[in-house]
Amino acid sequence: MITFLQLLISGLALGAMYSLIALGITIILQAGILNFAQGGFMLVGAYLVSWLAIEQGWNFFLALIASLAATVIFGMAFDRFILSRLNNQNQFSVLMITFGLNIICEIFVQATVGTDLRSNGDPWGKAGFNIGELRFNLNDLLAIGITGILLVIFFIFFKISKQGIAMRAVALDFEAAAAVGINVWRVNSITWGISVAVTTIAGVFLAGFPHSLEPGLGNAAFKALPALVLGGLGSTTGAVAGSLIIGLTEVLVAGYGETVNKFIPIGSGVQAVAPYIVLLIVLLVRPQGLFGRKGVERV
Amino acid sequence: MSKLNPSNLKEDNSKLSDAPLLLVENITLKFKGIVALNNISFEVWPGELFAIIGPNGAGKTSLFNSITRVYQPQSGTIQFAGHNLLKLRTDQLASVGIARTFQNLGLFPLMTVLENLLVGRHHLMKVGLIPGGLGFGPGAREERTHRKRCLEIAKLLGLGPWLGRLPRDLPYGIQKKIELARALLSEPKILLLDEPVAGMNHEETYEIAEVILLIQSEMGITQILVEHDMAMVMGIADRIMVLNFGQRIALGEPAEIQANPEVIRAYLGQSEG
């Protein structure tokens, strides 16, 4: 029971981190772009925080705010000066450009900071406390708490603010949105800004205890992809739900893998494929994903 | 919030009635050597229901897209209520008083009908947060005003029963009315309708024609109607401009247009070919 609860906490924390990334990918996806550079943004953001906090000796929170500002500007500029120029005319070109940016970000980090494991620069490290036999890591609790707060803010913004409604309108039909007076460029900038900001925050938590910062961090963004499909592509609620399921699956399978192995030889490292098995099962029952809508089409 | 009262709009219009609301002069639009619009000029008066017709490829849509700032004409001017339209972006048109509907419907299919209507108020919203049904907060008063206006227009167009539904679950005729309602909710001085009855049956066409006349008589809003359906246009428009191959071949009242030999030739020639 203790093991299960312990795994539940780590699983929820991991799911929370994934859900920020998945949300970031989803809101850009709603604007018609599958952004493969999400992991790249996350990597650059997390390394910037770490570099400012450790090499430059900045206060961690100051470093976080500065990095958020820098990556948000980076994301907005990428949308405004590169992607907007393509005018969404060729989906494949857009896809390849985001893919290329992802590689550039990864190489840039490796070339400037190196490939060694390093601290993400957070002041809490492996701090935590015990309740009975149950261990609570501060990094996990903060990830769950901050994600919860961010999600509440996001959904309020998305559902009832003027800019949030404008975001949804642009995602559904940008021509019609422009016709009712919505500045599509500005809305896209806001979308990219939010997306990159939440992803950077996820990156910092992902590189926290018990993990470290390393150039492979960006791959976590690819783990958010099955979460998106599982939750229903394009649904923000689905992105969050799918991420929690994937996070829990990964951690529970990793935790119980050895026990299961005694009875059924599933081998080690099954947690890497477990999310896809869950995905397959869900899609067999609900092809549109948990919160996806059937037959959404753009006229 | 005098803007919210339709009777005030009528007064605005009467003040302007000695000058055209929309003045298009010598517009020429070319695509890689093909002349889509050749030196087109016309004016639309306040309160008028002005129709633009012509066979396929006549330049109706090109003209519509030039006014709605999708295309940039190579020469000519478009003046609207003191604004040089050619200097504005599409998303700036709502705030100068131009609203439009789309030929293939420009609704937001996954937002409720009421949300679709509220989006029409986008450029009129000052407070960023709309507190939903909470009924408090800085935007509550403003939101009540916007919602009230949405309900008024919805009632006028008979959309009351559908407000909580998703547009994509509703019949085409209703969807068209939602789009019209959303356009009206931006409190426009002029409403541009791109083939509003395209693909509609006789009954739906009749209903939309009634709504267009209602908008003119009840709200006093100027309308430009780009249309294929000759019978409908002849029945409701105050004046008609006929385009063919990017040229203006006629401009006048329905009776004059019907008797114009060049118009008859353009239309018959097309249907025979």
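What you see is a predicted model, and the numbers here were worked out from it, not measured in a lab. Position numbers for residues start from 1 in each chain and track the written sequence from start to end. To label them, take the chains in the order written and letter them from A, then take the ligands in the order written and number them from 1. Local features in this predicted model are restricted to residues of pLDDT 70 or higher, and side-chain atom pairs are both shown and tallied only at a pLDDT of 80 or more, whereas totals for entire chains, interfaces and linings draw on every residue.

(A) Structural view of the overall build of chain B. Secondary structure elements are defined from DSSP: runs of H or I of at least 4 residues count as helices, runs of E of at least 2 residues count as strands, and each element is numbered from the N terminus. Looking only at helices and strands, chain B features 10 helices and 10 strands. Residue burial is a threshold on neighbouring C-beta atoms within 10 Å of the residue's own C-beta, all placed from the backbone, with 20 or more meaning buried, 12 or fewer meaning exposed, and counts in between meaning partly exposed. Counting every position in chain B, which comprises 273 residues, the buried fraction comes to 41%. Residues are treated as contacting if the C-beta atoms built from their backbones sit within 7 Å of each other. Summarising the internal contacts of chain B: among those between residues at least 6 apart in sequence, 66% fall at separations of at least 24.

(B) Geometry of the overall build of chain A. A count of helical and extended segments in chain A gives 11 helices and 2 strands. Going residue by residue from the N terminus, the α and β elements of chain A occur as α-α-α-α-β-β-α-α-α-α-α-α-α. C-alpha extents for chain A along the principal axes are approximately 60 × 50 × 35 Å. Sorting the 299 residues of chain A into buried and exposed places 46% on the buried side. Within chain A, residue pairs in contact and separated by at least 24 positions form 76% of the contacts whose partners lie at least 6 positions apart.

(C) Highlighting the interface of chain B and chain A. Contacts between the two partners involve 28 residues from chain B, matched on the other side by 21 residues from chain A. Of all the secondary structure elements, the ones that give two or more residues to the side of chain B that touches chain A are helix H3 (93-96) and helix H4 (113-119) of chain B. A total of 3 residues in the side of chain B that touches chain A trace back to one element, the largest contributor, which is H4 of chain B. Any residue that is not Ala, Val, Leu, Ile, Met, Phe, Trp, Tyr, Cys, Pro, Asp, Glu, Lys or Arg is counted as polar, Gly included; the first ten are nonpolar and the last four charged. Among the residues forming the side of chain B that touches chain A, the class breakdown is 14 nonpolar, 10 polar and 4 charged.

(D) Structural view of the sheet that holds strand S2 (residues 34-44) of chain B. Residue and element names in this part refer to chain B. A pair of strands is labelled paired if DSSP reports no fewer than 2 bridges between them. Strand order in the open sheet formed by 4 strands is S2-S1-S4-S5, and the pairing between neighbours is antiparallel. Looking along the sheet, the strands with just one partner apiece sit at the ends: S2 and strand S5 (83-84). Judged from the 7 bridges that link them, strand S1 (residues 22-31) and S2 form a sheet pairing that is antiparallel. Bridge pairing in S2 places isoleucine 27 opposite isoleucine 40.

(E) View of helix H6 (residues 172-184) of chain B. Residues and elements named next belong to chain B. Between its first and last C-alpha atoms H6 spans 18 Å; for 13 residues at 1.5 Å apiece the expected length is 18 Å, and the two agree. Taking burial as the measure, the 13 residues of H6 include 10 buried ones, the bulk of the element. Those residues of H6 not exposed but buried are Ile174, Lys176, Lys177, Ile178, Glu179, Leu180, Ala181, Arg182, Ala183 and Leu184. The inward-facing, buried residues of H6 abut strand S6 (98-101), H4, helix H5 (140-156), strand S7 (190-194) and helix H7 (202-219). Each helix should span, by expectation, one fewer than its residue count multiplied by 1.5 Å.

(F) Spatial organisation of the environment of glycine 220 of chain B. Note that glycine 220 of chain B resides in the loop between H7 and strand S8 (222-227). Taking the C-alpha atoms as reference, glycine 220 of chain B lies 5.4 Å from glycine 47 of chain B; in sequence the two are 173 residues apart.

(G) Inspection of the nonpolar core at higher detail. Judged by nonpolar contacts, the single largest core of 151 residues is most densely connected at Met17, Ile21 and Ala22 of chain A. Here isoleucine 21 of chain A is in contact with Gln38, Met42, Thr199, Ala202, Ala220, Ala221 and Ala224 of chain A, once residues within four sequence places are set aside. To form a nonpolar core, buried Ala, Val, Leu, Ile, Met, Phe, Trp, Tyr and Cys residues must be joined through C-beta atoms within 7 Å.

(H) The arrangement of the pairing of S8 of chain B in detail. Residue and element names in this part refer to chain B. Counting buried positions over the 6 residues of S8 gives 6, a clear majority of the element. Side-chain alternation along S8 places Thr222, Ile224 and Val226 on one buried face and Gln223, Leu225 and Glu227 on a second face that is also buried. Direction of pairing for strand S3 (residues 49-53) relative to S8: parallel, over a ladder of 5 bridges. Paired with phenylalanine 50 across the two strands is isoleucine 224, which belongs to S8. With 5 bridges connecting them, S7 and S8 associate as parallel partners. Within the sheet, the bridge partner assigned to leucine 191 lies in S8 and is glutamine 223.

Function cannot be read off these values alone, since they describe shape.
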